[in-house]
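Commentary on secondary and tertiary structure
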Amino acid sequence: MTPSSTIKTRFPPSPTGTLHVGGARTALFSWLVARRAGGHFILRIEDTDQARNVPGGAEAIIRDLKWLGLDWDEGPYLQSQRLDIYAKHIQKLLDAGHAYYAFETAEELDVLRKQAQEAKQAFRYPRPDPLPTAADADRARSAGKPVVVRLKCPSQAVTVEDEVFGEVQVAADQMDDFVICKANGYPTYHLANVVDDALMGINFILRGQEFLGQTWRHIVLRQALGYPQPRYAHLPLILDMQGKKLSKRDADVDVHSFRRAGFLPEALVNFIVLLGWSPGDNREKFSLAQLREVFDVADIGKSNARFDLEKLRAFNTDACADAAPDRLLTAFKDYLSLNDTPIPADDDNLLAQVLEVCKGFRTFADIPAKVGVLFQADADFEYDTKAVKKVLRKNDAAGFAVLAQLREVLSKCDWQHEILEACINDYCRTKELSMGQVAQPIRVAVTGRTVSPQIIDTLMILGHDKTLARIDRCLDLPR
Ligand code: GLU
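Read on for a plain summary of the structure.

The rules we used
- Residues numbered from 1 in each chain as written.
- Predicted model: local features only at pLDDT ≥ 70, side-chain atom pairs only at ≥ 80, totals over all residues.
- Heavy atoms only, no water.
- Helix = DSSP H or I, 4+ residues; strand = E, 2+ residues; numbered from the N terminus.
- Rg over C-alpha atoms; globule rule 2.2 N^0.38 Å.
- Buried < 20%, exposed > 50% of the residue type's maximum accessible area, 1.4 Å probe, protein only.
- Contact = heavy atoms within 4.5 Å.
- Areas by Shrake-Rupley, 256 points an atom, 1.4 Å probe, with all protein chains shown as cover.
- Lys, Arg positive; Asp, Glu negative; His and termini not counted.
- Charge placed at Lys NZ, Arg CZ, Asp CG, Glu CD.
- Disulfide = S-S within 2.5 Å.
- Pairing = 2+ DSSP bridges.
- Axes fitted to C-alpha atoms, helices over the stretch in contact; angles between N-to-C directions.
- Near = heavy atom within 4 Å.
- Polar contact = N/O pair within 3.5 Å; in protein donor to acceptor, adjacent residues only side chain to side chain.
- Nonpolar A, V, L, I, M, F, W, Y, C, P; charged D, E, K, R; others polar.

We now examine the overall build of the protein chain. The secondary structure content of the protein chain amounts to 19 helices and 12 strands. Relative to the 2.2 N^0.38 estimate, which gives 23 Å for 479 residues, the radius of gyration of the protein chain is 32 Å and therefore markedly larger than a compact globule would have. Taking the principal axes of its C-alpha atoms as reference, the protein chain extends roughly 105 × 50 × 40 Å. When burial is assessed residue by residue, the protein chain has 49% of its 479 residues classed as buried. In the protein chain, 75% of the contacts between residues at least 6 apart in sequence involve partners at least 24 apart. Summed over all atoms, the accessible surface of the protein chain reaches about 23,000 Å², with 50% contributed by carbon and sulfur. Of the charged side chains in the protein chain, 60 are positive and 65 negative, and the gap between their average positions amounts to 3 Å.

Quick look at the structure:
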């Protein structure tokens, strides 16, 4: 047992989709609050909505949280394995007179909703008097009616004390008797969420602003169950650069997409933490370890956060430049394992060389774009006809002539950086040619185009045999 003064936070995702940036922020903030306070962080999978669960959803969320560097002290708990606990609580609320059965069909509820609409009133479920008994519920069930359980809402206003948004008043006429148990016997999200938070000792709840309008339900449920109220902090909305709410359904803002697109988790974490939080001193660069020292709920703002992909790219560029070589290599191999690129992932020395040569890249995806051609089968890459014309064919095929001579020079060279450099420099001097006049024909011959990493680096990655084979293939092109 943890002492009740210990801060306990949780992340309770529903496995109805992937872990997107908004969810990752809730997880990160909740984790940071717990870690900073020396408290506990719990992972709970809210998988009671059978129809909306996606297969493998929970596993994918867990994978993504781990990739971000988050860990948990308890869990993952699965709500689907706790159904008897919710059933007991629902029964307790019925027995205490805090909840009651209702059995309208969807069509009947629709009629009531329409009536409210016509009368220009907000729909509130009309609580029957007297309340239906268990026997009434049984009869309704036998008659094929959907039997749900509704919570009796209090007749006085409820105040949500939120640590970000302040006091939020919910008037009595804004609340209605909401469903806590569905017709299939499953608890609703509200019931299961509140029961678990209470039983798991969660005393600080952080979640997105979109839940703020529902929090009164959790407060009244806790009151009815006799549980103490936790602290609440709702996190501001995240908008895209066009000012639209970032949607859970935007596949490109899910954590795994960023991983596959070649971002480092440390850059993503640093970017995500600034979506609504700022330490107030213009400092923007933080590692997870530093965040554990400085993160404070008091520094979470109310204003909408902006999801600025360019900023994330800039963070990633810096994070890659700052990463230790081993760290970068591991992350790059992870990137390669998730993508279909011509770069082989099994030769660490070669990959380290590639990373060095591509230094300054923004995401790992820039690397295959830049050097992928060096790993394609020699006969597979295409020659850019414009490049061939400009660099090789022009001036009576002067470039081809240089290339033919260079083939001889290179064929006798030992394949070491300094030696290659010396051979090519020698050749330039003897022929009174500039490095550009010599490097470009080789570049076009071995990559098919006019842009590649520095020429010696390019040749080092290619190796002796591939370089010569490609030059031969080029020399066979029609002049
Ligand atoms: N299962 C809910 C969701 O993923 C959790 C909401 C909450 O934090 O209470 O949306």
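Attention shifts here to the state of the cysteines. Per the counting criterion, the structure on display carries 1 disulfide. The thiol of C181 is not disulfide-bonded; the next cysteine sulfur, from C153, is found 16 Å away. For C181, a relative accessible area of 10% translates into the label buried. Free of any disulfide, C474 has its nearest cysteine sulfur in C428, 18 Å distant. Residue classification places C474 among the buried positions, given a relative accessible area of 0%.

Attention shifts here to the sheet that holds strand β8 (residues 179–181). An order of β4-β5-β8 is seen for the 3 strands of this open sheet, with the pairing classed as antiparallel. Of all strands in the sheet, those bounded by a partner on one side alone are β4 (99–102) and β8. The sheet shows a mean angle of 45 degrees between the axes of neighbouring strands, direction not considered. Here β4 runs beside strand β5 (residues 148–151); their pairing, made up of 4 bridges, is antiparallel. Among the inter-strand pairings, Y100 is bridged to a residue of β5, identified as R150.

A sheet is described by the order of its strands in space; here 3 strands give the open sequence β1-β2-β3, paired in parallel fashion. Two strands lie at the open edges of the sheet, namely β1 (8–11) and β3 (74–78), each paired on one side alone. With strand direction ignored, the average angle separating the axes of adjacent strands in the sheet is 25 degrees. Both strand β2 (residues 40–45) and β3 contribute to a ladder of 3 bridges, which runs parallel. Considered in β3, the bridge of I45 is made with L78. Packing against the sheet, helix α2 (residues 57–68) makes contact with β1, β2 and β3, and its axis sits at approximately 155 degrees to β2.

Attention now goes to the pairing of β5. Side chains V148 and R150 of β5 all project onto a buried face; the interleaved residues V149 and L151 project onto the opposite face, where all are buried too. Sheet topology places β5 next to β8; 2 bridges connect them, and they run antiparallel. Of the residues in β8, the one forming a bridge with V149 is C181.

Near the ligand you find R10, P12, P13, S14, E46, Y189, N193, R207 and F211, and these make up its full shell. Taking E46, its side chain carries an N or O atom lying 2.6 Å from a nitrogen atom of the ligand. A distance of 3.1 Å separates an oxygen atom of the ligand from a polar atom in the side chain of Y189. Coverage of the ligand by the protein amounts to 88% of the 300 Å² it exposes when considered alone. The residue inventory of the shell around the ligand, partitioned by class, reads 4 nonpolar, 2 polar and 3 charged.

As a further point, take the environment of R36. When you line up the elements, R36 lands in helix α1 (residues 21–36). Once the C-alpha coordinates of R36 and D326 are considered, the two residues, 290 residues apart in sequence, prove to be 28 Å apart. Excluding anything up to four places from it in sequence, R36 contacts R292, E293, V294, F295 and D296.

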